[in-house]
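Each chain, letter by letter, is given below.
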Amino acid sequence: MALPPPLSAKDEKSFAYETIKDRLPLIVTRIVDFLARHRTNFAKQYGEVTENECKSCISAMDKLRYEIARDKPILLLNDNHTDDIHIWNEYLQKEMDQGKVISWFQSNWLLVECYMYRKIAEAFNLTAHLQHVDPFIEMKQHTFYSSVQAIDVVLAQLNIDIEQTTDPVNNKSTIEQQFYNYMEISLWGNQCDLSLSGGANRSQEHDPFHQITELKTHILINHETSLFNYLYDQQAYLLNFDVCIDFVLDNAGFELLTDLCFADFLISKRLCSRITLHLKCFPWFVSDATKTDFDWLLEQLSNSSSNSVWQIASKRWQQHIQNGQWIIQTHRFFTLPYDYSYMQQISSELYCTMSQSKLIIFKGDLNYRKLVGDLRWPLNERFETALRGFQPTSFVVLRTCKADVQVDIDLKVGQEITKIDPRWMVNGKWAVIQAFFKKQTEKDI
Ligand SMILES: O=P(O)(O)OC[C@H]1O[C@](O)(CO)[C@@H](O)[C@@H]1O
Ligand SMILES: [Mn+2]
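On a predicted model such as this, the values are computed, not experimentally measured, just so you know.

Q: What am I meant to see in the coordination of the manganese ion (ligand 2) here?
A: Octahedral metals with six donors have ideal donor angles of 90 or 180 degrees. Tetrahedral metals with four donors have an ideal donor angle of 109.5 degrees. Protein-derived ligands of the manganese ion (ligand 2) are D250 (OD), N251 (OD1) and D288 (OD), with the metal-ligand distances lying across 2.0 to 2.3 Å. Using a relative accessible area of 7% as the deciding quantity, one classes D250 as buried.

What follows is the structure, given as structure tokens:
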């Protein structure tokens, strides 16, 4: 089957064009600003040489901004000591060997956008003292603190819902309703990503429980009922089965908090017995959560001596980690330019362990783009076709729509939504809870 062409800034009417023309340069500018503001601090902390390292990062950022604006060719990476460089360079080299010039406005959007974040990492990797500096750290921490009221509301209710010793068999409908609440709060938490706003604050100021009721009609595909039954029916709550979920997390701050609430709910109500939480290895798409962001969030909760609600939740979460029910993982596959149809070939061990899970939960827009290959599928294409063979196990994507690719929507429905909101595909106000259920083969049974 001939595949549709990839999304690309070649098309000047596309969201890719807007992103590369306006948003990516803005993100790079904010890094320059960050470095300029912290130069003296870094020098105090790590010694005088860091002044020069800051300067070299700033000039790398200036160069990057210039190259994006001028649509310059993309070159191989240079930070030779990193463990992903050979995979990146092999990918780029293969494209070059086919005679293709890879450039910002002419090539695949997914590739060049991922490359920008890898190129930023390269600049920091090439220094001796700034390798572990995260240029997006302030923006991420700010979204957390500007959402404290919403955090209070969610954690207070979560503590109540979890402490209530509901017998799962006789209270199926209570647990079911709570499942939808935490899943939808986690879904709309995805509105808080910072790459869409070019790094400008996207805090959560409303009561999330009210918000999910209001936003219900904005979920264009909603498989939550099938998902609940799928997890509930396997009876992890009755028997001591080992039922695993892989949770591919997205953004730090408020979104991460909502994801952990959902993960806590799934474990505490025994809808599964183990969750692997996948974080990013290095700063990615501005707001994606790294292990440092995860640790920082837990620390904020546990250090809040005045807030018992935060402390109770954080104690429970620390326990999930200590007793192995939450496993924290960073895998380099998630920061490569490959879409998910390549996972089996590029990172077979990751594909293999994920295949053993009952369910994978993918958070966010970028994960959706990677699942469907970031191709210009017709709106009514089947999800399974768009996945092009990626079927490790059953999975769901919780995504607010922020890129002009979407499948499994009836064309008429698409026209109706366009009338209501012409930018529905990209403004983050619409969402999908889109599941793929793997058919069981004889081998699986
Ligand atoms: O954090 P998320 O939900 O993956 O969103 C990141 C999104 O940012 C954008 O790249 C915009 O730059 C989206 O198109 C992209 O998929
Ligand atoms: Mn993200």
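Having seen the structure, we can now continue with the description.
Q: Looking at this structure, I do not really get helix α6 (residues 148–163). What am I missing?
A: Because an α-helix packs 3.6 residues into every turn, residues spaced three or four apart end up facing the same way. Look at α6: 22 Å from first C-alpha to last across 16 residues, which is about the 22 Å you get at 1.5 Å a residue. Taken residue by residue, α6 has A150, I151, V154, L155, L158, N159, D161 and I162 as its buried positions. Taken end-on, α6 shows its buried residues confined to a sector of 165°, consistent with a single buried face. Counted as exposed and oriented over 90 degrees from the buried face of α6: Q149 and E163.

Q: Please explain the layout of surface pockets as it appears in this structure.
A: A water-sized probe, rolled over the atoms, reveals where empty space remains. Considering only enclosed or pocket space, the largest pocket measures out at about 650 Å³ in volume. Q131, H132, C281, F282 and P283 are, among the 30 residues lining the largest pocket, the residues nearest its centre. At the level of secondary structure, the elements contributing two or more residues to the lining of the largest pocket comprise α1 (15–46), α4 (109–125) and α11 (291–302). Tallied by class, the residues present in the lining of the largest pocket amount to 12 nonpolar, 10 polar and 8 charged. Each of domain 1 (15–125) and domain 2 (137–436) contributes no fewer than three residues to the lining of the largest pocket.

Q: How should I be thinking about the sheet that holds strand β6 (residues 395–400) in this particular structure?
A: The strands that make up a sheet are held in pairs by hydrogen bonds between backbone atoms, and each pair lies either parallel or antiparallel. In space, the 7 strands of this open sheet follow the order β1-β7-β6-β5-β2-β3-β4, with mixed pairing throughout. Strands at the two margins of the open sheet, each flanked by one partner only, are β1 (219–222) and β4 (326–330). When strand polarity is set aside, the average angle formed by the axes of neighbouring strands in this sheet is 15°. Note: β6 against strand β7 (residues 431–436), 6 bridges, orientation antiparallel. Across the sheet, the residue bridging to T400 is A431, located in β7.

Q: Where do I start with the nonpolar core in this structure?
A: As a rule of thumb, nonpolar side chains are buried together in soluble globular proteins. Judged by nonpolar contacts, the single largest core of 86 residues is most densely connected at W104, M116 and Y117. Viewed by domain, this core spans two of them, domain 1 (15–125) and domain 2 (137–436), each represented by three or more residues. Formed by 60 residues, the second largest nonpolar core is a distinct cluster that contains L215, L231, F265 and I361.

Q: How should the packing of aromatic side chains be read in this particular structure?
A: Each aromatic ring pair is summarised here by two numbers: the centre-to-centre distance and the angle between the ring planes. Tallied over the entire structure, the rule returns 39 aromatic pairs. Ring centres 5.8 Å apart and planes at 75° place the aromatic pair F144 and W310 in the edge-to-face group. With F144 in helix α5 (residues 137–145) and W310 in helix α12 (residues 308–322), this pair connects stretches of sequence that are 166 residues apart. Of the two residues examined, F144 and W310, each falls in the buried class. With 6.2 Å between their ring centres and 75° between their planes, F383 and F395 make a pair best called edge-to-face. Here F383 is found in helix α16 (residues 383–387), whereas its partner F395 is found in strand β6, with 12 residues between them in sequence. For the pair shown, F383 and F395 are each scored as buried.

Q: Help me understand the side chain of E224, please; the structure alone is not making it clear to me.
A: Structurally, E224 is set in helix α9 (residues 224–232). Taking relative accessible area as the criterion, E224 reaches 5% and is therefore assigned buried.

Q: Help me out: how do you make sense of the domain arrangement of the protein in this one?
A: When the parts come together, some accessible area is lost, and that loss is often what is quoted as the size of the interface. Examined at the domain level, the protein breaks down into domain 1 (15–125) and domain 2 (137–436). Centre-to-centre, using C-alpha coordinates, domain 1 lies 28 Å away from domain 2. Counting residues at the interface gives 23 residues for domain 1, matched by 29 residues for domain 2. It is F15, L110 and Y117 in domain 1 that bury the most area against domain 2; as a group they hold 28% of the surface buried on that side. Counting the contacts that link domain 1 with domain 2 gives 4 salt bridges. E18 is the partner of R423 in a salt bridge, and the nearest nitrogen-oxygen pair spans 3.1 Å.

Q: What should I look at first to understand unusual backbone geometry in this one?
A: Of all residues except glycine, most have a negative phi; of all peptide bonds, most are trans. One non-glycine residue, D71, lies in the positive phi region at around 55°. The topology assignment puts D71 in the loop between α2 (49–69) and α3 (85–97). Overall, the relative accessible area of 22% leaves D71 in the partly exposed class. You will see that R388, though not glycine, has its phi angle at about 50°, which is positive. Here R388 lies in the loop between α16 and β6.

Calculation notes
Residues numbered from 1 in each chain as written. Chains lettered and ligands numbered in written order. Predicted model: local features only at pLDDT ≥ 70, side-chain atom pairs only at ≥ 80, totals over all residues. Heavy atoms only, no water. Donors = N, O, S within 2.8 Å, 3.2 Å for Na, K, Ca; no water. Buried < 20%, exposed > 50% of the residue type's maximum accessible area, 1.4 Å probe, protein only. Helix = DSSP H or I, 4+ residues; strand = E, 2+ residues; numbered from the N terminus. Expected span 1.5 Å × (residues − 1). Arc of directions from axis to C-beta. 1 Å grid on protein atoms, 1.4 Å probe; cavity = no way out; pocket = protein on both sides within 12 Å on 5 of 7 lines; lining within 4 Å. Points joined across faces, edges and corners; volume = space filled by probe spheres on them. Nonpolar A, V, L, I, M, F, W, Y, C, P; charged D, E, K, R; others polar. Domains from an automatic or database assignment. Pairing = 2+ DSSP bridges. Axes fitted to C-alpha atoms, helices over the stretch in contact; angles between N-to-C directions. Core = buried A, V, L, I, M, F, W, Y, C linked by side-chain atoms within 4.5 Å. Phe/Tyr/Trp six-rings, centres within 6.5 Å; stacked < 30°, edge-to-face > 60°. Contact = heavy atoms within 4.5 Å. Buried area = accessible area lost by both parts, 1.4 Å probe. Salt bridge = Lys/Arg side-chain N within 4 Å of Asp/Glu carboxyl O.

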